[in-house]
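This is what each chain is made of:
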Amino acid sequence: LWSEATLPISFRHLLLPEKYPPHTELLDLQPLPVSALRNPQFEALYTSFTHFNPIQTQVFHTLYQTDDNILVGAPTGSGKTICIEFAILRMFNSFKTQEKARAVYVAPHEDVCAQRFQEWKTKFDDRLGRTVVQLTGETSADLKLLEKGEIIISTPEHWDVISRRWKQRKNVTNVKLFIIDELHLISGARGPCTEVIVSRMRYISAQMVERYGTKIRIVAAASSLANAKDLGEWIGATHTSIFNFHPSVRPVPLEIHIQGFDNTGFQSRMFAMYKPTFLAIRAHSQDKPVIIFVPEKKYTYDVAVELIGHLKAEEDVSMFLKVSVAEIQEHLSFIRDQALLKALEHGIGFYHEGMSDREKTIASKLFESGAINVFITSYKHCWGIEPTAHCVIIMGTQFYDGREHRHADYQISDVLQMMGRACRPLVDECGKCVIFCHAPKKEYYKKFLYDPLPVESHLQHFLADHLNAEIVTKTIEAKQDAVDYLTWTFLYRRLKQNPNYYNLQGVTHNHLSDYLSELVEVTVNALESSKCVSVEDDDLTPLNLGMIASYYYTQYTTIELFAGALAPRIKLKGLIEILANASEFDNLPVRYHEDDALQKLGNYCPNKLQDPKWTDPHTKANVLLQCHFSRKKLTSDMEDDRRVVLEKAVPLVQAMVDVIASNRWLNPALAAMELSQMITQGLWDKDSILMQLPHFTSALAKKCTAKGIESVFDLLELEDATRKELLGFTEARLRDLAVVCNKYPNINVEYEVIDKEDIHAGQPVTVQVGLEREIDENEPVPKVSAPLFPKEKDEGWWLVLGDAKKNQLYAIKRLTIQRKAKINMEFVAPKPGTYCMNLYLMSDCYLGCDQEYEVAFESHEGDDDMDEDDDMED
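Everything quoted here is computed from the prediction, not taken from an experiment.

Participant: Which parts of the structure should I look at to understand the overall build of the protein?
Facilitator: When helices and strands are tallied, the protein shows 33 helices and 24 strands. Projecting the C-alpha coordinates of the protein onto the three principal axes gives extents of approximately 105 × 75 × 65 Å. For the protein, buried positions account for 54% of its 874 residues. Once local pairs closer than 6 in sequence are excluded, the contacts in the protein between residues at least 24 apart make up 73%. Of the roughly 40300 Å² of accessible surface on the protein, 49% is carried by carbon and sulfur atoms. With 95 positive and 123 negative side-chain charges, the protein shows a spacing of 7 Å between the two charge centroids.

Take a look at the structure:
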């Protein structure tokens, strides 16, 4: 295996985990007809088949006719989604429309959430009139969606943000059904967050039972597991409601072929797989659809080209094309990628992150419809694509890990998910999967594809941020509370079952207690040293930095960095550097040879980097941010990374503003707010504001500036004919421009110092600010126009009161403005004298709509000073 070192391991004190219970036996039951739902509306949802499959039949009673917590473990492609739907339909039956019952569905992959949202919007929203919503990650928008929705779809992180403050959010405690999909991924990268939210929902359910006698039902779905009993008991399922079927139990039996390749080099091994891939298609699925999974985007092109070459050599170029080119020409006319166009004409489609949405849709729909027979995609899309096939070919089981700069193996869960695509119930009697791997790995896959690994908790490595959030919400107020909190987790259950994995020397009560106490002590000390938590004796009190970290879902190490690195005179360049060094970007991948491309991009960045290390993910984050502001074209891989950086950057900048405001620095706070605008619009602060508008180039913006048109409002004030002549736009472009200009916020600001004549030093002063948006009465506030930002965004604003000359910030409020708002800005009056402060209204998303006003007042001597004077006179 080419090990770099050999280490002796002693088994003298080894504690083996308990033997795992046997898998659930698949009973030979009569398949249940769809009519078993006993509801015509529900039955109409399943018209594509007449009977449920054996697994669905066996779990039907528990899911649809009881309210028991349940775990269903079965291979991918077993119909677990319909099992989940049984529980949702049960909830609809139990709670009629007037009682608004909510189901929350959580899946660890955004692709799965998006797929489920589209599917359920059609099924439950359109047909049953039940509102289906998907959380976005923006807290204010998500709270509205939670209020509106009956089925809420979310990633673990988004639900964590919403449910942290469950004591203040009634809509969280009103959830009746909590569904967690792909629970076996609890041992993966997003596992700790999944573990925390499931533990929290169990705790909330216990509180609800204690207070009101009502519980939250928890339904979990996973692939076949070795230790399903532990997971099931953790979510509150009894032995009669834990179903864990063997990996071989599939609605469509799967025939697996594993072929090893001896080539030591990754590239040469992949090259050696090209011809066997074509031969595997001919042998196993010549006339039936095939999905080929490859390690990365570039191989989707390469494999397509190689397959076309083999077709030409066989003199059968239409082997994979099941219709004439003329029949699909209407779809092909929308394809801009010439390589994809050529491949589709030969019956081969590919799908990767660099393609446009339209091209992705066309390729996948042509495959699903049977027009083409081969579909090639990168392994990372195995969770998000909809197509299934008769045969799946996994070309290689390694990918280049940009974080560790080496080729790493796929997760077993990913391989199982890819295999699960070879499942077409009611179409095939048998599915086929061909796995090409490095020869030494062949025995490994033979074992673990049939014998699932146990899942373990990794919460102990990521506990600090979650513990901080519970301290902020006062769920934990002492170290003993933290220990009690851990007893609700999956970690606690696995400590007793597999002690050696967690470095325990025994499983007695004392061993467990000492482990948990030490874990809490180490975690609390880390939070205390970062000034997020205050510790007095055993009492834990949240500090301002901890509250900021929890509110913005930011790692405590990032907030510690912000608190230490931000300074009163810091400029925009420094803010970008600090932002790029946030812990959230630690795992940003730097791919093979990507450091050379980053260096070329970095050389053209306006803000030169100090001694950059081009393989460092934080350097990459800095370069990508600057490329975004400069609107530079990037490769498709880097474009994906840019989206990740931008999505993470917005809450980080908001947290940065709060940290700066805590130090009462005005100018850095304003600079950070401008940075937020730059991130949303993809512009530098010195660029023309008009560049936010569609179809504007820098040359056109300069032309407008030369004519005295510097802002959006200047452009709107022009006569239609003058504007059309100046811009030279077609009618279509003018319509696009009008849509965006109408979205641009126009806020009227009025302010008043309350009791202006009666302000005394040391006493509170109130400045009342009235805000009114110019918008039609029945028109909703539009979403932000930001085509370069990766997702929809709602407007946000800061209202700031400070002294620009002294760089002093007196008051700050974060707010959303609908039509009208009245805000009180309070601060303590300074020492006697005449003052002229600055009132700022700052957008978090648009450049050029910020407003500044001067607020003048006079501070008189305080009451204490007057009393002293009276005493002297006496």
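Participant: Honestly, empty space enclosed by the protein in this entry has me stumped. Any pointers?
Facilitator: The probe, sized like a water molecule, is rolled over the atoms to show the empty space still left. Under the defined criterion, the tally for this structure stands at 4 cavities of 30 Å³ or more. Taken together, Pro75, Thr76, Ser223, Ser224, Pro247, Arg250, Leu416, Phe448, Leu449 and Pro452 make up the lining of the largest cavity. Its residues assigned to classes, the lining of the largest cavity comprises 6 nonpolar, 3 polar and 1 charged. Counted as a void, the second largest cavity has a volume near 50 Å³.

Participant: Before we go on, may I ask you to explain the environment of Phe95 in this structure?
Facilitator: Inspection of the secondary structure assignment puts Phe95 in the loop between α3 (80–94) and β2 (102–106). We classify Phe95 as partly exposed; its relative accessible area is 25%. Contacts of Phe95, omitting those with residues within four sequence positions, involve Ala101, Arg130 and Lys176.

Participant: Sorry if this is basic, but what is going on with a negative patch on the surface here?
Facilitator: On the surface, Glu477, Glu536, Asp537, Asp538 and Asp539 cluster together to form a negatively charged patch. Along the chain, the position of Asp539 falls in strand β17 (residues 539–542). Of the residues examined, Asp539 reaches a relative accessible area of 44% and is grouped as partly exposed.

Participant: Mind showing me how you'd approach the nonpolar core here?
Facilitator: A general feature of soluble globular proteins is that nonpolar side chains tend to end up buried together. Grouped together as the largest cluster of nonpolar side chains are 134 residues, with contacts concentrated most on Leu566, Leu675, Ile679, Phe696, Leu727 and Leu771. By residue number, the principal contributor to this core is helix α27 (residues 636–662), which donates 13 residues. In this structure Leu566 touches Leu575, Ile578, Met656, Val659, Ile660 and Trp665, once residues within four positions along its chain are discounted.

Participant: Can you help me understand the packing of helix α26 (residues 617–630) against α27 in this one?
Facilitator: Each pair of packed helices can be summarised by the angle the axes make with each other and by the distance between the axes. Look at α26 against α27: their axes get within 10 Å of each other, and the N-to-C directions meet at 95°. Accordingly, the angle class assigned to the pair α26 and α27 is roughly perpendicular. Residue-level contacts link Lys620, Ala621, Leu624, Leu625 and His628 of α26 to Met638, Asp641, Arg642, Val645 and Leu646 of α27. Here the residues of the contact of α26 with α27 are counted per class, giving 6 nonpolar, 1 polar and 3 charged.

Participant: Please clarify how the pairing of strand β12 (residues 391–395) should be interpreted in this entry.
Facilitator: Consecutive side chains of a regular strand alternate in pointing toward one face of the sheet and then the other. Burial analysis of β12 places 5 of its 5 residues in the buried class, the great majority of the element. Relative to β12, strand β9 (residues 290–294) is paired through 4 bridges, and the arrangement is parallel. Considered in β12, the bridge of Ile291 is made with Val392. Judged from the 5 bridges that link them, β12 and strand β15 (residues 431–438) form a sheet pairing that is parallel. Following the sheet pairing, Val392 is matched in β15 by Cys433.

Participant: Would you explain the packing of helix α23 (residues 556–565) against α27 in this entry?
Facilitator: Interhelical geometry of α23 versus α27 gives an angle of 45° and a closest axis separation of 10 Å. Taken together, the axes of α23 and α27 lie oblique to each other. Relative to α27, α23 is oriented so that their crossing is right-handed. Residues Thr558, Ile559, Phe562 and Ala563 of α23 form the contact with α27, whose own contacting residues are Leu652, Ala655, Met656 and Val659. Residues of the contact of α23 with α27, tallied by class, amount to 7 nonpolar, 1 polar and no charged.

Participant: Sorry if this is basic, but what is going on with the sheet that holds strand β3 (residues 132–134) here?
Facilitator: For sheets, the rule is that strands pair by backbone hydrogen bonds, running either parallel or antiparallel. Here 7 strands make up an open sheet; going across it, the order is β3-β4-β2-β5-β6-β1-β7 and the pairing parallel. Lying at the two open borders of the sheet, with one neighbouring strand each, are β3 and β7 (242–244). Across this sheet, the average inter-strand angle for adjacent strands is 15°, counted without regard to direction. The pairing of strand β5 (residues 175–180) with strand β6 (residues 217–222) spans 4 bridges and is parallel. Bridge assignment links Ile180 to a residue of β6, and that residue is Ala220. Packed on one face of the sheet, helix α4 (residues 110–128) meets β2, β3 and β4 (151–154) and runs near 165° to β3.

Calculation notes
Throughout, a residue's number is its position along its own chain's written sequence, starting from 1. Selection of residues for local features in this predicted model requires a pLDDT of at least 70, selection of side-chain atom pairs for listing and counting requires 80 or more, and totals for whole chains, interfaces and linings are taken over all residues. Working from all heavy atoms in the structure, the side-chain values ignore hydrogens and water. Runs of E in the DSSP output that reach at least two residues are strands. Runs of H or I that reach at least four are helices, and both are numbered from the N terminus. Residue burial is assigned from relative accessible area. The probe radius is 1.4 Å, only protein chains are included, and a residue is buried under 20% of its type maximum, exposed over 50%, and partly exposed in between. A contact between two residues is defined here by any heavy atoms of the two lying within 4.5 Å. Shrake-Rupley sampling with a 1.4 Å probe provides the accessible areas, and residues are treated as covered by the protein chains on show and by no other component. Charge assignment in this entry is limited to Lys and Arg as positive and Asp and Glu as negative, and neither His nor the chain termini are counted. Working definition for charges: the position is that of NZ of Lys, CZ of Arg, CG of Asp or CD of Glu. Cavity means a closed set of points on a 1 Å grid over the protein atoms alone, one where a 1.4 Å probe fits but cannot get out, pocket means an open set with protein on both sides within 12 Å along at least 5 of 7 lines, and lining means a residue has an atom within 4 Å of a point. Grid points are joined across faces, edges and corners, and a volume is the space filled by probe spheres set on the points. For this scheme, ten residues count as nonpolar: Ala, Val, Leu, Ile, Met, Phe, Trp, Tyr, Cys and Pro. Four count as charged, namely Asp, Glu, Lys and Arg, and the remainder, Gly too, count as polar. Each patch is built from residues that are more than 30% exposed by relative accessible area and take part in no salt bridge. Like charges join if they lie within 9 Å; nonpolar side chains (Val, Leu, Ile, Met, Phe, Trp, Tyr) join within 5 Å. Here, a salt bridge means any Lys or Arg side-chain nitrogen found within 4 Å of an Asp or Glu carboxyl oxygen. Remark: nonpolar core denotes a set of buried residues (Ala, Val, Leu, Ile, Met, Phe, Trp, Tyr, Cys) joined through side-chain atoms within 4.5 Å. Structural elements are reduced to axes, namely lines fitted to C-alpha atoms, with helices fitted over the stretch in contact, and the angle between N-to-C directions of any two is expressed from 0 to 180 degrees. Comment on the angle field: the value is read as roughly parallel under 35 degrees, roughly antiparallel over 145, roughly perpendicular from 65 to 115, and oblique elsewhere. Being paired, for any two strands, means DSSP has found at least two bridges between them. Crossings are sorted by hand: turned counterclockwise from the far helix by less than a right angle, the near helix makes the crossing left-handed, and turned clockwise it makes it right-handed.

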